[in-house]
There are 2 protein chains.
Amino acid sequence: MGEKLTPLSDIGEFGLIDKIKAMFPAKHPSTKMGIGDDAAVLKPGKGRTLVTTDLLLEGVHFDLSYTPLHHLGYKAVAVNVSDIAAMNGTPRQITLGLGISSKFTLEAMERFLEGVKAACDNYGIDLIGGDITSSRKGFFISITALGEGLVGDIVYRNGAKVNDIICVTGDLGGAFAGLNVLEREKQVFIQNPQMQPKLDKYQYIVQRQLKPEARMDIIHELREKKIVPTAMIDVSDGLASELLHIANDSKVSIRVFEENLPIDKITYDTAVEFNLDPVTFVMNGGEDYELLFTISQEDFETLKNHPDIHFIGFVQNKKEKNTLVTKGGNEVSIQAQGWRHLQ
Amino acid sequence: MGEKLTPLSDIGEFGLIDKIKAMFPAKHPSTKMGIGDDAAVLKPGKGRTLVTTDLLLEGVHFDLSYTPLHHLGYKAVAVNVSDIAAMNGTPRQITLGLGISSKFTLEAMERFLEGVKAACDNYGIDLIGGDITSSRKGFFISITALGEGLVGDIVYRNGAKVNDIICVTGDLGGAFAGLNVLEREKQVFIQNPQMQPKLDKYQYIVQRQLKPEARMDIIHELREKKIVPTAMIDVSDGLASELLHIANDSKVSIRVFEENLPIDKITYDTAVEFNLDPVTFVMNGGEDYELLFTISQEDFETLKNHPDIHFIGFVQNKKEKNTLVTKGGNEVSIQAQGWRHLQ
């Protein structure tokens, strides 16, 4: 397209680090020293420090043939923020580890970093350090996020109690539906490079896949309403897997109802278009980065009219099975998914 | 060898995480929640929190054909601890990110994790979380280390003052000498697989390459002697590069003397054997993970007889050039190395 592309080797390691340092000035009062020494130096707040790490690998977690680098940078931050949110915490800082193949240009790196910066700005995060190296092949990203949680407010997976109400935010299965569409359009394009991808009507689910948001808005709302969930987890591997984490860690079982599962019409229609069960998209799709949490019954009144929180079931005694009740009234046992990545 | 090898997919994601959780019980009082939730939960100490991230990639940072996995696990932790040491801090926790190719077996993973554990035990660190995923090709490791430093004791790169004495621990160039030997023996083996590698007389430098130690021993000794360096950095990219970091960040220049540079006899002999200049090994070799620091003249008396701290030069006004004085009395300007990885 006539754009001049610059090999990263032209600016070298120190040039790239200087560029990143200039793009990401430290803003938090707690960041005493960000990029530029052997380690970052942070002043801890009054609460606990929360720490989480997520990896994103080309060819496993993302496909650069249809993933805009700006979105990828945003998503890499958002998925880590989602883990801090799931502890009822507030994100503060990230470190960024990048492995870059030699085909990567400075311009590509800038687009990626702009996405990282957009997410940092949106979530109020400082980029405080990291490591950049070449890779023999492929692009990979490792982010560690640090956050803060007040001692009494941190929510674990293990606090759900019998009769608690199971809540989930937003809608589910959309990211997986979007992935299916993107993969299909990629195959069409490979077979006929003249064909333009038809993504217009799938815009919502494609966005869910490429640029998810961490639900910090919900965390802030719950704080305003003085509601502390009894257990919480973010929906990264699919609802079924996350429900089982809460059930197992809390030593309870769960009962959810198909009719209450939130699914967007486009997600539903796309599943049908692919001859797949929409419920499978919701239960096992993954990458929605919504929040799954349990609340005590007394908190239900405060939340019951919330437009973006859905009440999908309740917590029951461990002796009961983990159950999905279908629209037809059948009871289906909820099974753990295997490890897709290593299988 | 008759050893039964188990594909990692046999135990699955949750099986592997359970295994790691059992291998790494949290020991620090500051670790309130380690592996097993969306994020780890730490109780910060009185001081500042130090954070550093290092990546190690197969084919770039290590070669599995001659790197024992146990040593690799150890080294991956040690190089991060070295960064915490270089801030005059104490390491507390790490997160571990792993990308694993499908050829990796459970037994290989166990050997790697045993190395990680040996380092964690040695340095008094808790493994508190991370992320494990498949990679399309190759093994890669991302570690983020958290440490603590007391407010007045943290040492940056930017504190060196004119007339300060430049100190370095241990000896330099050994890791690079070891790498040269390992690469040569690998080539010999590729050409003639019947040949056994001859590593006996190179044992010290091979060890320097494969299983470096972070110099926490020196950090503890300096504390006992109540010496706070004015600037400090760890020697990971070669002495020349680290000297320039201190000079540039401290807005001073440095003058070092070849005759004072610490080099082990095996390192020296190996450089000569490869027809290379031993000084180049010291100045640009990298991966020694020794500590380079500056002290005020009044602290010299306390350290002058230390058997493992070497006084290689002094800090001078920024107007002077960064200079290496050779044994023959010539003055050589110290140049920054480019970025090996991206060039």
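This text follows the structure it describes.
What comes next is a walk through the structure. (Residues numbered from 1 in each chain as written. Chains lettered and ligands numbered in written order. Predicted model: local features only at pLDDT ≥ 70, side-chain atom pairs only at ≥ 80, totals over all residues. Heavy atoms only, no water.)

What follows covers the overall build of chain A. From N to C terminus, chain A includes 10 helices and 13 strands. At 21 Å, chain A has a C-alpha radius of gyration in line with the 20 Å of a compact globule built from 343 residues. Counting only C-alpha atoms and orienting by the principal axes, one finds that chain A spans roughly 65 × 55 × 35 Å. Buried positions account for 59% of the 343 residues belonging to chain A. Sequence separation of at least 24 residues holds for 85% of the intrachain contacts in chain A that already meet a minimum separation of 6. Total accessible area computed for chain A in this model is approximately 14,500 Å², and 50% of it derives from carbon and sulfur atoms. Mean positive and mean negative side-chain charge positions of chain A (36 and 46 charges, respectively) differ by 2 Å. (Helix = DSSP H or I, 4+ residues; strand = E, 2+ residues; numbered from the N terminus. Rg over C-alpha atoms; globule rule 2.2 N^0.38 Å. Buried < 20%, exposed > 50% of the residue type's maximum accessible area, 1.4 Å probe, protein only. Contact = heavy atoms within 4.5 Å. Areas by Shrake-Rupley, 256 points an atom, 1.4 Å probe, with all protein chains shown as cover. Lys, Arg positive; Asp, Glu negative; His and termini not counted. Charge placed at Lys NZ, Arg CZ, Asp CG, Glu CD.)

All names here are of chain B. The buried fraction of strand β5 (residues 126-134) is high, at 8 of 9 residues. Pairing of strand β4 (residues 90-100) with β5, which is carried by 8 bridges, proceeds in the parallel orientation. Directly across from L98, in β5, lies its bridge partner I132. Handedness of the crossover is the feature at issue here: the chain leaves β4, passes through helix α3 (residues 106-123), returns alongside β5, and the resulting connection is right-handed. (Pairing = 2+ DSSP bridges. Right-handed = clockwise from strand over helix to strand, strands pointing away.)

Residues and elements named next belong to chain A. Applying the stated criterion across every chain, the model contains 15 aromatic pairs over all chains. Between Y74 and Y123, the ring centres sit 6.1 Å apart and the planes meet at 50°, which makes this aromatic pair tilted. One end of the pair, Y74, is in helix α2 (residues 69-85); the other, Y123, is in helix α3 (residues 106-123), with 49 residues separating them in the sequence. There is no split in this pair, since Y74 and Y123 are both buried. (Phe/Tyr/Trp six-rings, centres within 6.5 Å; stacked < 30°, edge-to-face > 60°.)

Here we come to the interface of chain A and chain B. At the interface, 66 residues of chain A touch 66 residues of chain B. Across the chain A to chain B interface the summed buried area is about 5,500 Å²; carbon plus sulfur atoms make up 61%. The interface formed by chain A and chain B includes 4 salt bridges. Between D37 of chain B and R157 of chain A there is a salt bridge; the shortest N-O distance is 3.6 Å. Taken together, the connections running from chain A to chain B amount to 16 residue pairs in polar contact (both at pLDDT 80 or more). Broken down by element, the residue count for the side of chain A that touches chain B peaks at 9 residues, all from strand β3 (residues 48-57) of chain A. Of the pairings in the sheet, the one linking β3 of chain A to strand β2 (residues 40-42) of chain B comprises 3 bridges and is antiparallel in character. Its bridge partner being in β2 of chain B, T49 of chain A is matched across the sheet by L42 of chain B. (Buried area = accessible area lost by both parts, 1.4 Å probe. Salt bridge = Lys/Arg side-chain N within 4 Å of Asp/Glu carboxyl O. Polar contact = N/O pair within 3.5 Å; in protein donor to acceptor, adjacent residues only side chain to side chain.)

Each turn of an α-helix holds 3.6 residues, which means side chains three or four residues apart point in the same direction. Among the residues making up helix α5 (residues 203-210) of chain B, those that are buried are I205, V206, R208, Q209 and L210 of chain B. In the core, the buried residues of α5 of chain B are packed alongside α2 (69-85), α4 (174-191), α8 (265-273) and β10 (290-295) of chain B.

What follows covers unusual backbone geometry. All names here are of chain A. Located in the positive-phi region is K226, a residue other than glycine, with phi close to 55°. Along the chain, the position of K226 falls in the loop between α6 (216-224) and β8 (231-235). Residues other than glycine seldom take positive phi values, yet Y289 does so here, at roughly 55°. Its place among the elements puts Y289 in the loop between α9 (278-284) and β10 (290-295). For Y289, a relative accessible area of 9% gives the class buried.

Residues and elements named next belong to chain A. Between helix α4 (residues 174-191) and helix α5 (residues 203-210), whose axes approach to 7 Å, the crossing angle comes to 100°. Taken together, α4 and α5 sit at an angle that is classed as roughly perpendicular. Facing α4, whose interface residues are G174, A175, F176, A177, G178, L179, V181 and L182, α5 presents I205, V206, R208, Q209 and L210. In the contact of α4 with α5, the residues fall into 9 nonpolar, 3 polar and 1 charged. (Axes fitted to C-alpha atoms, helices over the stretch in contact; angles between N-to-C directions. Parallel < 35°, antiparallel > 145°, perpendicular 65-115°, else oblique. Nonpolar A, V, L, I, M, F, W, Y, C, P; charged D, E, K, R; others polar.)

There are two copies of the chain, and a rotation about an axis plus a shift along that axis relates them. The operation relating chain A to chain B is a screw motion whose rotation component is 180°, with 0.0 Å of axial translation and a residual RMSD of 0.0 Å. Such a turn and shift between the copies fits a two-fold axis. The residues that chain A uses at the interface reappear at the interface of chain B in 100% of cases, marking a shared surface. (Least-squares fit on C-alpha atoms with pLDDT ≥ 70 in both.)

Glancing now at the sheet that holds strand β7 (residues 165-169) of chain B. Within a sheet, adjacent strands bond to each other through the backbone by hydrogen bonds, running parallel or antiparallel. All names here are of chain B. Here we have 7 strands laid out as an open sheet, ordered β8-β10-β7-β11-β9-β12-β13, and mixed in their pairing. Lying at the two open borders of the sheet, with one neighbouring strand each, are β8 (231-235) and β13 (331-333). Mean inter-strand twist for the sheet, computed between neighbouring axes without regard to direction, equals 25°. Looking at chain direction, β7 and β10 are connected through 4 bridges and run antiparallel. Looking across to β10, one finds that C167 is bridged to F293. Helix α6 (residues 216-224) contacts β7, β8, β10 and β11 (309-316) of the sheet and is inclined by roughly 25° relative to β10. Docked against the sheet, helix α7 (residues 239-250) engages β7, β8, β9 (253-257), β10 and β11, running at close to 155° with respect to β8.

Our focus in this paragraph is the sheet that holds strand β1 (residues 31-33) of chain B. With mixed pairing, the 6 strands of this open sheet are ordered in space as β5(A)-β4(A)-β6(A)-β3(A)-β2(B)-β1(B). Bordering the open sheet on either side are β5 (126-134) of chain A together with β1 of chain B, each of which pairs with just one other strand. The mean angle between the axes of side-by-side strands here comes to 20°, regardless of whether they run parallel or antiparallel. α2 of chain A rests against β3, β4 (90-100) and β6 (140-149) of chain A of the sheet, and its axis sits at about 140° to β3 of chain A.

This part takes up empty space enclosed by the protein. Residue and element names in this part refer to chain B. Summed over all chains, the structure comprises 3 cavities of 30 Å³ or more. When its volume is computed, the largest cavity comes out at roughly 140 Å³. Lining the largest cavity are 13 residues, with K43, P44, G45, T49 and Q93 positioned closest to its centre. Looking at the lining of the largest cavity, the elements with two or more residues in it are β3 (48-57), β4 and β6 (140-149). Counting residues per element, the lining of the largest cavity draws most heavily on β6, which supplies 3 residues. (1 Å grid on protein atoms, 1.4 Å probe; cavity = no way out; pocket = protein on both sides within 12 Å on 5 of 7 lines; lining within 4 Å. Points joined across faces, edges and corners; volume = space filled by probe spheres on them.)

The next thing to look at is a positive patch on the surface. A contiguous patch of positive charge, built from K103, R136 and K137 of chain A together with K103, R136 and K137 of chain B, is present on the exposed surface. A relative accessible area of 58% means that R136 of chain B is categorised as exposed. (Patch = residues over 30% accessible without salt bridge, like charges linked within 9 Å, V, L, I, M, F, W, Y side chains within 5 Å.)

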